[in-house]
Structure formats: structure tokens, C-alpha cells
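Structural features, examined
Residue-level listing of the chains:
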Amino acid sequence: MAGFWPFSAWKAKRKEKKQRSEAKAKLKESALGPKSKESTTGAKNPDNLTNITGVAGASSKNDYSYQQQQQEDDATSNAHLEYSVPTTTMAAADKTVLDDLLTRNKEWAQRTAETNPALFPALAVGQSPKILWLGCSDSRVPETTILDLMPGEVFVHRNIANMLPATDLSSLSVLQYAVEVLQVQHIIVCGHYACGGVNAALGHKKLGLIDSWLRGIREVRAKYEKQLEGLSQKEQSDRLVEFNVIEQVRSVLKNANVQEAIEERGLEVHGWVYNVGSGECNVLECPESPDAHVFKIKNPRAELE
Ligand SMILES: [Zn+2]
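A brief report on the enclosed structure follows. Quantities reported herein were computed from a predicted structural model and do not represent experimental measurements.

Time to look at the sheet that holds strand S3 (residues 186–192). The strand order S2-S1-S3-S4-S5 describes an open sheet built from five strands, whose pairing is mixed. Unpaired on one side and paired on the other, strand S2 (154–159) and strand S5 (280–284) mark the two borders of the sheet. Averaged over all neighbouring strand pairs, the angle between strand axes comes to 25°, with direction disregarded. The pairing of strand S1 (residues 131–136) with S3 spans five bridges and is classified as parallel.

Encoded structure:
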């Protein structure tokens, strides 16, 4: 029978880990000097903070590994408890990064309010973006930045490889809200070259949960297999990025709310591709799917009017 670990074995293992931890602490202390009060309580002294967290300095890399190992040890020990309280607090290095982000945020808010005093009071009242952006989660494709827009100008949904699966509650909810409530005028599905999701779908490596998500891209790949045949790896990746945009535009067009908005108020759906190497977006030709008629959905109320 597998899985049961006797208490005595757990105790011995824990003792062994404790001894290892103490030995490491001694080693660390001899390298950094004796522990100061600050070093144990979260480092109020910036010099100690640097030494402990590895923000800078010659010993930073080793210190980080030490801290990481310590956390791993704690996690392993606690795995055998019925329940455990987290033994580590936020690492001081993370705190510094977050402090920096908050400082930058405050500076940005101040600068923006100075240049555009009406913006924040208007945004506090509500939003009326004209564009819905369906993009990739990739950090290199931040829609507001690359479109040079301000807060309030674009409603956004981003996921791995800018997909719109027919059963994804999150993206479908965004789509419905944007079309029916916000009444956006344009939907832009934007893919990007060098997309990690698309590249993963071109390979065969087991990645875990994400494999289920990538299946949607694999289906696009399967559909366009002939067009991808014989191309170099980079060409295959670029073309699959484009084919995927075309297919996701088609997926948007299969949505009943979208069809209705196109008919009633001229909503437009566009396919774009972004070049992470140049910062430019290009418009993709997205031909209508030959089976589009199958997905036509009419509102019965509209029929009666
Ligand atoms: Zn991507």
C-alpha cells in the first residue's frame, strides 16, 4: 500500500531538515556576519535589505538560492502536517519591486492628472470605450501602450494566443458585455508573431493544464496543415499566428450577439497581427468562412417585429 508515511519517519526527516537548516544558517552567518535585529524582522535598514534579499551586491545570487532552498525545505516539512500556516512572508526583494511599482503608479497618476485634468473625474463616472480588444496575454503586447491610448478607451480580454473558444465563459462574457452593454463599434482580434502559445501548439511537448487550452490552436493547425507543409519553423509559426487570427475572427462572427450588432448598428470585426520586433500592427485579410451560413443565428423576437 503506497502513500502512508509513519509518524516516526516524519519526525526523523523533520529533525534531519532542521539540522540542515541550522547548518545553512551558520554558513550564512559566517559569510554575512552575525544576524542583526533588522535582518530577522524584515530589514528596515536598506543595507541589510540588499544583503539579505539579493537586490544587489556580490552575495545576492547565493542569498537568493539560500532563501529559496529554505522555502522549499519549509514546504516539504509542512507537507506532512494536516494543515499548515505559510511560514514565509513576502520576500523583501518583492516588497522593493512592489514599492517601486507603487511609486511609479503615483507619479504616473500625478503626471496624467496634470496633463489631462478632466480624465480621472470622467472615468470615475463610467466608461464608454469604442473598441473591444481580444489579444494575447504576452507581456510584449500591452494594447493600451501599443495603440497609444488612455484609460477608458479600450475594453480588453487577453488570454494565451488570443482565443475565443465557444465554451469559454470568461471571454464570452467579455464579448457579450462589450457588444450589448458598452455597444463597442469595433472588435479587434490581435495575434502577434513569436507567440509562445502558437509555438507550443506547433510542438508536441506535454506542458500540463495548458495543453487543453492549446488544443484550440492545434485544431487551427490541423485545419491549415497543407498550407504549413514544407515551411521553415519561423514561417510555420508566423503563418499559424495569422491563421489563428482568421479563425478567432470567424469564432467572434459565430456569436449571436455579434451577428445582431453587425446587422443592427454596423459593428465591425477586424483581424490584426502585431510585430513584437517592430512595434507595428498590420491588418489581416480575414475571408468569411465558407460555412458561415451554418452559424447564422436569428433572434426570434426580431422575426416577429
Ligand atoms: Zn502570444
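There is more to say after this.
Below, the discussion takes up the nonpolar core. In this structure, Ile-187 and Val-189 are the most contacted members of the largest nonpolar core, which totals 39 residues. For Val-189, the residues in contact, after removing those within four places along its chain, are Leu-134, Asn-162, Val-245, Gln-248, Val-249, Val-252 and Gly-271.

Glycine aside, a negative phi is what most residues show, and trans is what most peptide bonds show. Positive phi outside glycine occurs at Asn-162, with the angle close to 40°. Its location among the elements puts Asn-162 in the loop between S2 and helix H8 (169–181). Of note, the phi angle at Ala-194 is positive, near 65°, even though the residue is not glycine. Note that Ala-194 resides in the loop between S3 and helix H9 (196–202).

Definitions and limits used
Residues numbered from 1 in each chain as written. Predicted model: local features only at pLDDT ≥ 70, side-chain atom pairs only at ≥ 80, totals over all residues. Pairing = 2+ DSSP bridges. Helix = DSSP H or I, 4+ residues; strand = E, 2+ residues; numbered from the N terminus. Axes fitted to C-alpha atoms, helices over the stretch in contact; angles between N-to-C directions. Core = buried A, V, L, I, M, F, W, Y, C linked by C-beta atoms within 7 Å. Buried ≥ 20, exposed ≤ 12 C-beta atoms within 10 Å, placed from the backbone. Contact = placed C-beta atoms within 7 Å.

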